[in-house]
Number of protein chains: 2
Amino acid sequence: MEVDQVVCLPRLSRVAVCGGTHGNELSGVYLVRELLRTGGGAAAAAGEGGPEVLTVMSNPRAVQQCRRYVETDLNRCFTHAILNGPPSENAPYEITRSRELNALLGPKGSPEAADLVCDLHNTTANMGLCLIAYSDCDWICLQIFRHLQRAMPDVPMRFIHFDISCKESYSLDSVGKHGFAMEIGPQPHGVVRSNVFTAMKLGVRHTLDWVGMFNSGTVFEGGCVEVYTMVRNIDYPRDKETHSITAAIHPQLQDRDFCLLRPGDPLFQTFSGETLRYKGGEPLYPFFINECAYYEKGIAVSLARKTHVMVPAIRVQAGEGRADRREFTSEEEE
Amino acid sequence: MEVDQVVCLPRLSRVAVCGGTHGNELSGVYLVRELLRTGGGAAAAAGEGGPEVLTVMSNPRAVQQCRRYVETDLNRCFTHAILNGPPSENAPYEITRSRELNALLGPKGSPEAADLVCDLHNTTANMGLCLIAYSDCDWICLQIFRHLQRAMPDVPMRFIHFDISCKESYSLDSVGKHGFAMEIGPQPHGVVRSNVFTAMKLGVRHTLDWVGMFNSGTVFEGGCVEVYTMVRNIDYPRDKETHSITAAIHPQLQDRDFCLLRPGDPLFQTFSGETLRYKGGEPLYPFFINECAYYEKGIAVSLARKTHVMVPAIRVQAGEGRADRREFTSEEEE
């Protein structure tokens, strides 16, 4: 590999690991508690090149009540509009909290923002481990994804891209210069399953290991990554008057996240037993199939197009591949 | 079979099918809605011997909020003490509601009570279909169980016995002369899975079919039934100060409901990775492994002893095996 093919990127000095953004997604809740108890995040990253790690329980009130949120979904509160709206004493708790988190980890879009935000989530869908990000050309996120794939070959793993601008992006991970949600399922909300917890713990550890290696000057080779780009959502069939759903995900679709859905394939089974079929014109990849929290959002399943992205080789910018911690400055990505 | 071996029991004139007793256990919620919409319960039972069927949404406020309960667990409110306590305007919603349901389906322990109450539940545990009852010698419940086993051979099915007196029994099904919870899993709370919904729909249909056949004079042969009698619960390991759990169900135990747990077998895996083992002196059968709603009740797993019960042949009492519906009178079971 020739040196001039390697993209040089700023050091990742400050990394946040967040859990409990949804208070009933328990892998992240218990992993953050464990990291806080043992100093595990900092310990894992304490080697040469290790970044400063902030471990954050994002929505402690929702965690305390084991609910997704108290008043409104925290993970929809990180748009520029909400973060920069007028202060209000009567604002829902989560809006106040999103501004606190933005002060801690951001401000979003500013040079002071954390270099990387990893936000931990669970889903009831059979999605394995997914990194969900707003860019399909963030080489840091994509190289971390490739590292996790290599380090955890037994865990099904995908990269999901939501094509939303920085300004409109709404989730906690969008506050960092780089960021992703680490989403693992299937796990019922309000439940912690050991295998899912262990996968998340390993995913976080390997992420922090990668950051340490990156900061120390390791060159990460380029390669091709499969990316699922979100296209659209499909809602449940609903009763026109009551808005109550009238069908469930079809048994032939249930648990088949990322298996190609073709026009005419079974999509729903009504409660009276009828099969409803997918009427889209294009075969697409379903994900978030039957996610608990999305009933209220009108999403029975999300659909994605699969693409391939060529990721370049990367390394830390010259002069930054060293173990001492730099001040958190206004470096710009190239 | 000689006639004098057949136990004769009173006709089952009035049957209640209840769902939404826990508002986020969605199979029962949507099945009750479907039965109310189509008159399905009454229609299924409309043949010769068919009973009067009451279809009941037990906790509509909790259903509306998709929560287990609003103020307190409705399915713990049907003790004699709570049902007969002094009226209070400040009582939690569920206590008021339990008294309404007792007026509709009971009064509990009285001759006016419904003949059979079938209450629909879901669990996050991998329990298949279970009938849960307070007696291991209620021949009606046990014969219905045998009928469901024969009619639905592909569904794993068990009979669970909680050895609690009528006075102390606390669940909605205890209001009927006969009653059971039909518990099906695994299904996350707040989610409806088609396969679980279909199993419940079939379970209810076959139950009502059986009642119709019984009322029409069919003789049901005796036989042996496996019964799991609840022995005790085990709580999660918890932090002494915060009471937060410090371990999850061990991956080798997760999803293995009704597989014998022997002394020394793995029970929990702590969040730091340590295995904790079952220290009981007796091999027992685990169930409700990692049930979401039981974290707050201090139950990580319940343990049962397996016994075998000889169920006699039964038929309806002489003169009652006819299609016309009798008045609801003060017949006593023999």
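Residues numbered from 1 in each chain as written. Chains lettered and ligands numbered in written order. Predicted model: local features only at pLDDT ≥ 70, side-chain atom pairs only at ≥ 80, totals over all residues.

1. Some words on the overall build of chain A
Thinking step 1. Along chain A, the regular secondary structure elements total seven helices and 14 strands.
Thinking step 2. Taken over the C-alpha trace, chain A has a radius of gyration of 20 Å; the compact-globule value for 334 residues is 20 Å, and the two agree within 12%.
Thinking step 3. With the principal axes as the frame, chain A shows a C-alpha extent of 65 × 50 × 35 Å.
Thinking step 4. Across the 334 residues in chain A, those meeting the buried criterion constitute 50%.
Thinking step 5. A sequence separation of at least 24 residues applies to 76% of the contacts in chain A between residues at least 6 apart. (Helix = DSSP H or I, 4+ residues; strand = E, 2+ residues; numbered from the N terminus. Rg over C-alpha atoms; globule rule 2.2 N^0.38 Å. Buried ≥ 20, exposed ≤ 12 C-beta atoms within 10 Å, placed from the backbone. Contact = placed C-beta atoms within 7 Å.)

2. Brief notes about the pairing of strand β5 (residues 128–133) of chain A
All names here are of chain A.
Thinking step 1. Across the six residues that make up β5, a large majority, five, are buried.
Thinking step 2. Where β5 lies against strand β7 (residues 178–185), five bridges are found, and the strand directions are antiparallel. Bridge pairing links Leu 129 to Ile 184 in β7.
Thinking step 3. Sheet analysis places β5 next to strand β6 (residues 157–161), joined by five bridges and oriented parallel. Note that in β6 the partner of Ala 133 across the bridge is His 161.
Thinking step 4. Running through helix α6 (residues 139–151), the crossover from β5 to the neighbouring parallel element β6 is right-handed. (Pairing = 2+ DSSP bridges. Right-handed = clockwise from strand over helix to strand, strands pointing away.)

3. Some points on the interface of chain A and chain B
By a frequent convention, interface size equals the accessible area lost on bringing the separate parts together.
Thinking step 1. Facing the 24 residues of chain A at the interface are 24 residues of chain B.
Thinking step 2. Of all the secondary structure elements, the ones that give two or more residues to the side of chain A that touches chain B are α1 (26–38), α7 (194–215) and β9 (247–249) of chain A.

4. Here we look at the packing of α1 of chain A against α7 of chain A
Packed helices, taken two at a time, are described by their axes: the angle between them and the distance between them.
Residue and element names in this part refer to chain A.
Thinking step 1. Viewed as axis vectors pointing N to C, α1 and α7 meet at an angle of 55°, and their least axial separation amounts to 9 Å. Between α1 and α7, the angle falls in the class oblique. Classified by chirality, the crossing of α7 by α1 is right-handed. For the pair formed by α1 and α7, the contact residues are Ser 27, Gly 28, Tyr 30 and Leu 31 on the first element and Val 196, Phe 197, Met 200, Lys 201 and Val 204 on the second.
Thinking step 2. Tallied by class, residues from the contact of α1 with α7 come to six nonpolar, two polar and one charged. (Axes fitted to C-alpha atoms, helices over the stretch in contact; angles between N-to-C directions. Parallel < 35°, antiparallel > 145°, perpendicular 65-115°, else oblique. Left-handed = near helix turned anticlockwise from the far one by under 90°. Nonpolar A, V, L, I, M, F, W, Y, C, P; charged D, E, K, R; others polar.)

5. Points about the nonpolar core
Thinking step 1. Of all hydrophobic cores here, the largest spans 184 residues; its most connected members are Phe 287 of chain A together with Phe 287 of chain B.
Thinking step 2. Sequence-distant contacts of Phe 287 of chain B, defined by excluding residues within four places in its chain, comprise Ala 125, Met 127, Ile 160, Tyr 228, Asp 257, Phe 258, Ser 302 and Ala 304 of chain B. (Core = buried A, V, L, I, M, F, W, Y, C linked by C-beta atoms within 7 Å.)

6. Re the sheet that holds strand β6 (residues 157–161) of chain B
All names here are of chain B.
Thinking step 1. The nine strands are arranged β3-β2-β4-β7-β5-β6-β8-β13-β12 in an open sheet whose pairing can be described as mixed. Two strands close off the open sheet at either side, each with one partner strand: β3 (52–57) and β12 (285–287). Here the strands of the sheet are splayed against their neighbours by 30° on average, with no regard to which way each runs.
Thinking step 2. Set on the sheet, helix α6 (residues 139–151) makes contact with β4 (116–122), β5 (128–133), β6, β7 (178–185), β8 (223–234) and β13 (301–311); between it and β13 the angle comes to about 95°.

7. Brief notes about unusual backbone geometry
Residue and element names in this part refer to chain A.
Thinking step 1. In this chain, Gly 106 is followed by Pro 107 through a cis amide linkage whose omega measures 0°.
Thinking step 2. With respect to the element layout, Pro 107 can be found in the loop between α5 (93–105) and β4 (116–122).
Thinking step 3. Across the junction of Gly 185 and Pro 186, the peptide omega takes the value 10°, indicating a cis bond.
Thinking step 4. Of note, Pro 186 is situated in the loop between β7 and α7.

8. Examining helix α7 (residues 194–215) of chain B
Thinking step 1. Helix length check: α7 of chain B (22 residues) gives 32 Å between terminal C-alpha atoms against 32 Å at 1.5 Å per residue, within 8%.
Thinking step 2. In the stretch just after α7 of chain B, Gly 217 of chain B is the one whose phi turns positive, near 105°. (Expected span 1.5 Å × (residues − 1).)

9. Here's the deal with the pairing of β7 of chain B
All names here are of chain B.
Thinking step 1. For β7, the buried fraction is high: eight of the eight residues fall into the buried class.
Thinking step 2. Both β4 and β7 contribute to a ladder of seven bridges, which runs parallel. Its bridge partner lying in β7, Val 117 is registered against Gly 179.

10. Some thoughts on the relation of the copies chain A and chain B
Thinking step 1. Between chain A and chain B, the superposition needs a rotation of 180° and an axial shift of 0.0 Å, giving an RMSD of 0.0 Å. Both copies are brought into coincidence by an operation consistent with a two-fold rotation axis. Proximity to the rotation axis, assessed at the C-alpha, singles out Pro 188 of chain A in chain A; its C-alpha lies 2.4 Å from the axis. (Least-squares fit on C-alpha atoms with pLDDT ≥ 70 in both.)

11. Let's talk about the confidence of the model for chain A
All names here are of chain A.
Thinking step 1. For chain A, mean pLDDT is 93; residues scoring 70 or higher make up 92% of the total.
Thinking step 2. Residue range residues 322–334 is modelled with pLDDT below 50. Its contacts to residues more than four positions away, or to other chains, number 16 contacts.
Thinking step 3. Both confidence scores are given for the complex: pTM 0.93, ipTM 0.92. (pLDDT = per-residue confidence, 0-100.)

12. Topic: the domain arrangement of chain A
All names here are of chain A.
Thinking step 1. Per the domain assignment, the segments making up chain A are domain 1 (3–227 + 309–316) and domain 2 (233–302).
Thinking step 2. Using C-alpha coordinates to define each centre, domain 1 is positioned 28 Å away from domain 2.
Thinking step 3. Of the residues that constitute the side of domain 1 that touches domain 2, the class distribution is three nonpolar, four polar and two charged. (Domains from an automatic or database assignment.)

13. Some details on the environment of Arg 37 of chain B
Residues and elements named next belong to chain B.
Thinking step 1. Tracing the backbone shows Arg 37 in helix α1 (residues 26–38).
Thinking step 2. Using a count of 14 C-beta atoms within 10 Å as the deciding quantity, one classes Arg 37 as partly exposed.
Thinking step 3. Separated by 72 residues in sequence, Arg 37 and Gly 109 have C-alpha atoms that sit 31 Å apart.

14. Points about the sheet that holds strand β12 (residues 285–287) of chain A
Residues and elements named next belong to chain A.
Thinking step 1. Taken together, the nine strands give an open sheet; going across it, the order is β3-β2-β4-β7-β5-β6-β8-β13-β12, and neighbouring strands pair in mixed fashion. Among the strands making up the open sheet, the edge pair consists of β3 (52–57) and β12. On average, each strand axis in the sheet is inclined to that of its neighbour by 30°, with strand direction left out of account.
Thinking step 2. Sitting on the sheet, α1 touches β2 (14–19), β3, β4 and β7, and the angle it makes with β4 is about 130°.

15. Some details on the environment of Met 200 of chain B
Thinking step 1. By the element assignment, Met 200 of chain B lies in helix α7.
Thinking step 2. A C-alpha to C-alpha distance of 21 Å links Met 200 of chain B and Tyr 228 of chain B, two positions 28 residues apart in sequence.

16. Details of the environment of Ala 91 of chain A
Residues and elements named next belong to chain A.
Thinking step 1. For Ala 91, the location among the structural elements is in the loop between α4 (80–83) and α5.
Thinking step 2. You can call Ala 91 partly exposed: it has 18 C-beta atoms within 10 Å.
Thinking step 3. Expressed as a C-alpha distance, the spacing of Ala 91 and Glu 71, which sit 20 residues apart in the sequence, is 9.6 Å.

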